[in-house]
Structures are given as structure tokens and as C-alpha cells.
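Understanding the architecture of this molecule
Spelled out from the first residue to the last, the chains are:
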Amino acid sequence: MKLWRHPFDAAEKATKPGQIHIDKERCKGCGFCAEFCPREVLQMSSDLSPKGYNVAVVNDESKCLACGFCELICPEFAIKVSTPLDNNDA
Amino acid sequence: MTANLNAEGRSTERYLRQDRLPHIWCSGCGIGIALDAFLRAIDRADIDPDKLSVVSGIGCSGRAAGYVKLDSFHTTHGRAIPFATGLLLGNPELNVVVFSGDGDLIAIGGNHLIHAARRNIDMTVICVNNFNYGMTGGQVGPTAPLDARTTTTPYGNFEPPFNLPYLASASGASYVARWTVLHARELERSMAEAMTKPGFSFIEVISPCPVVYGRMNKEPKGLDSMHYYQERSVIRDGTDPKEANIELNGPILVGKFVDIQRPTLWDNLRHVSNKAREKVRAQAKV
Amino acid sequence: MNGDLACAEAAISAGCRFFAGYPITPASETAERMSIRLPQVGGVYIQMEDEFASMNAVLGASWAGVKAMTATSGPGFSLMMENIGLGVMLETPCVVVNIQRAGPSTGLPTMVGQGDMMQARWGSHGSYEIIALAPSSPQDIFDLTILAFNLSEKYRVPVLVMSDEVVGHMSEKVTMPRVAPEDLIHRPRPHLGPEEYLPYKANADLVPPMAVAGEGYHFHVTGLTHDERGYPVMTAEAQDRLVRRLADKIRFNKHDIIRYKEFQVEDADIVVCAYGISVRIAQLAVRMARDEGIRAGLLQLITVWPFPEERIRELSLQAKAFIVPEINYGQIVLEVERCAGGRAKAILVPHMGGSVHSPQTILEAIREAEL
């Protein structure tokens, strides 16, 4: 949608990017996170886990909107999505 | 920047026995997704984890009990539901969830399922349905669609499968839902609803089984099954469970099918117990 | 009252507050009595859809902290076997009553048998030990059912009460004393908190303390071979440790568990070894033999399992023969023969079932053995 002026609270309302943490020891390379991330933040790599699986890695974290779907869809409990709000929790 | 760090801090970590991870399920298997949804549902539904008991049977899905840091019981094949019944009747304050697979709950355990639904016992049964007996190598199960290939139906399955929502509903379940593991959010919500709702709740969770069932039925990778769910699942709450049949490569109807009120087993038992005590009191007065 | 009812009343006295069963002749009266009494004392009676469900519901209730039991007969006993094994593996206190009838298969549903005695010991798969008691009268079944609950709680093992249809259906005077709370045993409780508690770390008597569901211990138990944490461990070492402890738990405590009664055995030449309804008939036969001048005695088995091996061995040094009247084609006689070690003969007086021995049959066997 093309705006005719930039909203005054744009910075405040902008979605903070999330941070993706992947536990390499748990990942079994199923590819669900990479496939179902709506913004293609994750991708499968040729890095190997200690058990020999091709692990998922973050491709472009700036696109992450912290929707959390990768965390839900990972069958290995291997992904954690955090936002700066979590980190700045006083 | 933050890739490949430890996943500590996940909300479900405290319900997992970390010393037993990574779990034994195959790459692309959906049981982990179902289990994680269940663990999130515990907090969503505000359940007291001290009063929560998980009972499972034998099979891949049955291993879930071993990964949760709750009172958990890994029982014999098909008998999770009666064991759970005993727990509940022994201590009605417990919140009991049965987490097991299609072969365990529907074949050998089928009789117990229909009776528990009939009694409307206050428990939640999560049936992970991957259409075969995965742990023993992929033999046909009572939910495998007609013509499916399995290790014991090399020419195609010649038995029509159960329609699980129909079976549960017809037996008297007061809450029946079906989701695939792709519907992780809806699944979590459903599980939370089911655990707080009094009465017998049954949730069927369709899951990939890439190494055996999937490999033999054109879904060799977990992703293939997930794509199939993405393309062919249809969310239709309130559908008549009769219509929820699954055919090979056919559409999968998901959603909440049944949500009714019925007196639970304890409601009826309390009534009986009061009658008995009344009688004793009356006799004592004589 | 009859044996079935006495059993139910004893269970109530012992603190049993859960019964899950399936109707089967000749045990149904026990279930019916429990269905009347349990709601009166704040317990729960439920009739399950089959014996698999009954046995599992009993285990579940025990894990919820309630003393639980079921009652069945031969065909149901066979169905319960897998889950009696689960009870042994999980170390679940519970009582299973078998009012035996003539088998095999459907057999004579309304008539007496004692053909499940070996099954009581070996019926479930795998290597394990179990406790089985054999009541010989309605009073006996009352007393032994209370003992069964106490033993099952003390040793965290299913205890089998192997009665028979005649004891179950005969009516005799039963004295039901009020059981004092001090005389009831409860499962050992954990002293440690949830963080340190290990579900299968045994005390000195090889019995681990038992936490139950809902107390915040967050334990895991499984029918798979497991370690002290309760986690499945698939190694030969874990199997060795676990199987040995489960069996030794009973074996090492034999002195506390084994019970028998003796009648005129001190100078006996011929010892009649009997259990269940056969006891009173054997006792009459022994009296008749004594009248004829034969030095006969009676050893009444109260605990059939663990079998009183030492006593048989001792008696085999003194007696020249054991007479074993059983309502089957030879089961406990095999144990007697094994323990007699060839030092004394073990002679079976079989009866296939449907009625009980006549004292004459046993007397004749005594006479023959004396020759």
C-alpha cells in the first residue's frame, strides 16, 4: 500500500526482527523450518551436526518477524525465537 | 548473528527431560511437533504440572511419555487408556492425558477407546496417526487408507480404515478434533481446550512417517507429507465426523468436529456414591 | 458367608478402595460385593470392558496411591498375564484373586479346579518372582486377603490369591476382626524431595520407595528395562541388575513371606502336602491313616509361591514319601519332587476337576506309600 505520508509512529510500530537460535546437536535436517518460514529466513546448509545431519542455519535474519512458526514446527525442540523485548526484559 | 546457538529458553524446555534428548524419532517425523504443541498447551491451559499425568502405550508415539518431565507412565501395548482410567478413579484431582499412536490406541486398544468415550471419562487422548505401525517397521494399521502400501500390504491395503473422529464421536466423546502437525498453532489451541474441558476428549494428529509409511507411499521425506497436508487439508470446524474419511492422496478434513456437554463418569459416580452413603446412614439410624 | 464375599470384606478391611473387574464365574460374587461396599466407604468400583482393562485399571489406581484389586478365574487370569508382568516390572502393589475353576479353556465354569498353580508362577513372560497364597476356607481367604495386601505393599509386587471354586462358594462362619491401622502395611514412601528422588533406587530390603502420581515428583516409569532413574536402558548390564533385583526382592525376603501349617508332621513317615480345598480332605485322610497306625502328617501350603523349598528338603530327610493331592494333573507335585531331590518319593493324587478328592483316595495313596 503506497502511503502519501510516512506515519509519525512508524518507528515505534515497526516489527522488531527476531533472533533465531538453533541447537545444532538436536537438529536432524528435516527442513520444515526452512520450508515453512514465511519470509525465507532459514535455509538448510551443508554443515553437519554431530550426528551427521545437514543442519538448518539462518539465511537472512533481518527478514525475521519473530512469528515463531519455525519454533513450533521444529520436531526436535531445536529452535528458539527471541525478540529484543525478551533480551531487554528488566 | 545468532544462528546455531543453544535453544535453551524455549518455553517447553522445563517440561522436557533434557538428559534424554535428542529424541529417537526420525528426521521428518511429526511426533515431536505434536509433543511440543502439547507441552505449550499445558501453560496455555494453565494446568498444574504437579497434577498432570501422561500415560502412553507402545510405539513411536508411545515414547513421548519418556521425554516429559511430568508423572509419566509407559505402559503395555494398547492399555494406556485403562491405566489412565485407574489413575483418574484413584485420584480424581489428576489431569490425565494419554499420548499414543494409531496402532496402539485403535487396534489393540480399540475396545478401551470406545468404552472410555462411552463413559465420558475426564481424560484427553492424543492419537498421533501416521497410518502404520512405525516402530516395528511399517506394517499396516487400522487407519491406513485403502490401497496404501505397507510392509504387510505389499499389493495395497485391502481393508477400509477407521474414520477416527467418527469412531470417537459415535462412542460418546464430548470433544473431537483432528489436525495435522502442520497446523501446529491450531493443535496447541485444541489440546489446551481439550485438557480443560470436562469429559472425554479425542484429538487425532496426522503425522508424517517418512522412513516407513511415507517411503512406501510417495512421501519419502517428511517435507513431502507436510506439502501434502498443506495442499490437501481442509479446515472445516463443525463437520459431521461421518464425512471425515481419509482416502489415499485424498483431502484431509481437519478442525474441531465435536464439542458437546455430557455428564462425565465422575458426575455419575458421585451420584451413586452419595446414594450408597445415604443408605448406610439410614441403616445406621435403624 | 462364602469365600467370595469373605474376600471382598477382607479387602475392605485391608484398606482396598478400588476394584476393577470383569464378571466371571465363580468370582463374580466378589465383584458384586465390592460394588456394594466400595461406594459405602468412599472407594470406587468399576466394571471394565475386559480383563486387560481390569488389570491395567488396577495398576493405574495403585499408582494414584490407592490399594487396588481385581478378582477373576482361569480364562480371565490368562488374559491378565501380560499386565501382571507390567505390575511386576513397575513394582506396583496390588492383589489379584483367582477363584480357580476346572480348565483348560472354558472347562467347567461352575466347578472347582486347581490347574492354575504353575501359571501363577510362570504365567507372564520373562524371568520374575511372584507371591501366591492359597486359602483353604472362607475364614482363610479373609485372613489371607489381608495378608496379600500387606505383602503387596511391603514388597511392591502383585500378590495372587489362588483360591478355588469350592472355597469361593462354600459358606462357613467367618470372624472378621476390626483390623487395627498398625496391622496394615503401606508402600514405602520417599524421604527425598523431587529433585533427588530416584523411582527405582532400592532400600536395603531391595524395595524402592514409591512416589505416586500427583505429588509433584514428576517421575517416569516404564515397562521397558530401566535403571534407577526409571529411564529405559537397553543394555545387558541394566537387564542383569533389574531382573536380579526384582527376583531377589522376593527371594532374599523368603523368611518373611513363606508361610505353611503343619499337622502331626514331627514324626511323620508320609507327609501329605496339600493346599486350597484339598487341605481339609487331606487332614481327614491323615487322621484316618493315623488310626490305622500309619505315621502320616499334613503340610498345608499357605504361600505356594515362593515355594517352601527348605521345608520340603528338611522333611525329605525324615519322610519316605510326599503325597500331593491336587485338583489338576500334576503341578505342585513337580516342585515337591524337585525339592525332595530323590530322597523321598513325590506321589501325585490327581483329580482333573469338577469335584474334590474323597478322603479314601488320599488314604489309599498313603497306604500304598507306606508299603
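The structure displayed is predicted, hence computed values, not measured ones. (Residues numbered from 1 in each chain as written. Chains lettered and ligands numbered in written order. Predicted model: local features only at pLDDT ≥ 70, side-chain atom pairs only at ≥ 80, totals over all residues.)

**Overview of the overall build of chain B**
- Tallying secondary structure elements over chain B gives nine helices and 10 strands in all.
- Seen along its three principal axes, the alpha-carbon backbone of chain B occupies a region of about 75 × 50 × 35 Å.
- Taking all 286 residues of chain B together, the buried fraction comes to 57%.
- Contacts in chain B between residues far apart in sequence, at least 24 positions, make up 67% of those at least 6 positions apart. (Helix = DSSP H or I, 4+ residues; strand = E, 2+ residues; numbered from the N terminus. Buried ≥ 20, exposed ≤ 12 C-beta atoms within 10 Å, placed from the backbone. Contact = placed C-beta atoms within 7 Å.)

**Observations concerning the overall build of chain A**
- When helices and strands are counted, chain A shows four helices and four strands.
- Overall, chain A shows an N-to-C arrangement of helices and strands of α-β-α-β-β-α-β-α.
- Against the compact-globule benchmark of 12 Å for 90 residues, chain A has a radius of gyration of 16 Å, which places it well outside the compact range.
- The C-alpha extent of chain A, read off along each of the three principal axes, is 55 × 35 × 20 Å.
- Taken across its 90 residues, chain A has 40% of its residues classed as buried. (Rg over C-alpha atoms; globule rule 2.2 N^0.38 Å.)

**What about the environment of Phe69 of chain A?**
Residues and elements named next belong to chain A.
- Relative to the helices and strands, Phe69 resides in helix α3 (residues 69-73).
- For the pair Phe69 and Ile79, spaced 10 residues apart in sequence, the C-alpha separation works out to 9.8 Å.
- Leave out the neighbours within four places in its chain, and Phe69 touches Phe36 and Cys37.

**As for the interface of chain B and chain A**
- Each partner contributes residues to the interface: chain B has 27 residues there, and chain A has 28 residues.
- Broken down by secondary-structure element, the contributors of at least two residues to the side of chain B that touches chain A are α1 (31-44), α6 (184-196) and α8 (222-232) of chain B.
- Of the residues forming the side of chain B that touches chain A, the biggest block, four residues, is contributed by α1 of chain B.
- Residue composition of the side of chain B that touches chain A, by class: 14 nonpolar, 10 polar and three charged. (Nonpolar A, V, L, I, M, F, W, Y, C, P; charged D, E, K, R; others polar.)

**Overview of the interface of chain C and chain B**
- Chain C puts 37 residues into the contact, and the matching count from chain B is 35 residues.
- For the side of chain C that touches chain B, the secondary structure elements donating two or more residues are β1 (16-21), α2 (28-40), β2 (44-47), α3 (51-63), α4 (74-90) and β8 (220-222) of chain C.
- The element best represented in the side of chain C that touches chain B is α3 of chain C, accounting for nine residues.
- In this structure, strand β2 (residues 71-74) of chain B lies alongside β8 of chain C, joined through three bridges in parallel fashion. Looking across to β8 of chain C, one finds that Ser72 of chain B is bridged to His220 of chain C. (Pairing = 2+ DSSP bridges.)

**Some thoughts on helix α2 (residues 80-90) of chain B**
- Across the 11 residues of α2 of chain B, 11 count as buried, placing the element largely inside the fold.
- Looking only at α2 of chain B, the buried set comprises Ala80, Ile81, Pro82, Phe83, Ala84, Thr85, Gly86, Leu87, Leu88, Leu89 and Gly90 of chain B.

**Quick word on the nonpolar core**
- Ala34 and Ile126 of chain B together with Val272, Phe322, Ile323 and Ile366 of chain C are the most contacted members of the largest nonpolar core, which totals 235 residues.
- Structurally, this core is a two-domain feature, drawing no fewer than three residues from each of domain 1 (3-183) and domain 2 (261-370) of chain C. (Core = buried A, V, L, I, M, F, W, Y, C linked by C-beta atoms within 7 Å. Domains from an automatic or database assignment.)

**Considerations on the sheet that holds strand β4 (residues 123-129) of chain B**
- Ordered by their spatial adjacency, nine strands build an open sheet running β9(B)-β10(B)-β7(B)-β8(B)-β4(B)-β3(B)-β1(B)-β2(B)-β8(C), and the pairing between neighbours is mixed. The two strands at the open ends of the sheet, each matched to only one other strand, are β9 (233-235) of chain B together with β8 of chain C. Pairwise comparison of adjacent strand axes, ignoring direction, gives a mean angle of 20° for this sheet.
- Pairing between strand β1 (residues 52-56) of chain B and β2 of chain B: four bridges, direction parallel. Within β2 of chain B, the residue paired with Val55 of chain B across the bridge is Phe73 of chain B. (Axes fitted to C-alpha atoms, helices over the stretch in contact; angles between N-to-C directions.)

**Thoughts on the sheet that holds strand β10 (residues 270-274) of chain C**
Residue and element names in this part refer to chain C.
- Taken together, five strands build an open sheet; the order of strands is β9-β11-β10-β13-β14 and the sheet is mixed. Among the strands making up the open sheet, the edge pair consists of β9 (260-263) and β14 (345-350). Here the strands of the sheet are splayed against their neighbours by 20° on average, with no regard to which way each runs.
- In this sheet, strand β13 (residues 321-326) lies alongside β10 in parallel orientation, the contact comprising three bridges. Within the sheet, the bridge partner assigned to Val272 lies in β13 and is Ile323.
- Contacts from helix α10 (residues 278-291) reach β9, β10, β11 (296-301) and β13 within the one sheet, and its direction differs from that of β11 by about 165°.
- In the packing of helix α12 (residues 332-340) onto the sheet, the strands contacted are β10, β13 and β14, and the crossing angle to β13 comes to about 165°.

**Topic: unusual backbone geometry**
- Each neighbour pair has its own omega, and for Thr25 of chain C with Pro26 of chain C the value is 0°, a cis peptide bond.
- Checked against the element boundaries, Pro26 of chain C lands in the loop between β1 and α2.
- The amide bond that connects Gly103 of chain C to the next residue, Pro104 of chain C, takes the cis arrangement and shows omega of -5°.
- Mapped onto the secondary structure, Pro104 of chain C falls in the loop between β4 (94-102) and β5 (108-112).
- For Asn249 of chain B, which is not glycine, the phi dihedral falls at a positive 60°.
- Topologically, Asn249 of chain B is positioned in the loop between β9 and β10 (252-259).
- Accessibility expressed as a C-beta count within 10 Å gives 13 for Asn249 of chain B, which makes it partly exposed.

**Considerations on the pairing of β13 of chain C**
Residues and elements named next belong to chain C.
- Taking burial as the measure, the six residues of β13 include six buried ones, the bulk of the element.
- With burial as the criterion, each face of β13 is covered, one bearing Ala321, Ile323 and Pro325 and the other bearing Phe322, Val324 and Glu326.
- Relative to β14, β13 runs parallel, the two sharing six bridges. Bridge pairing links Glu326 to Pro350 in β14.
- This β-α-β element, β13 to α12 to β14, shows right-handed connectivity. (Right-handed = clockwise from strand over helix to strand, strands pointing away.)

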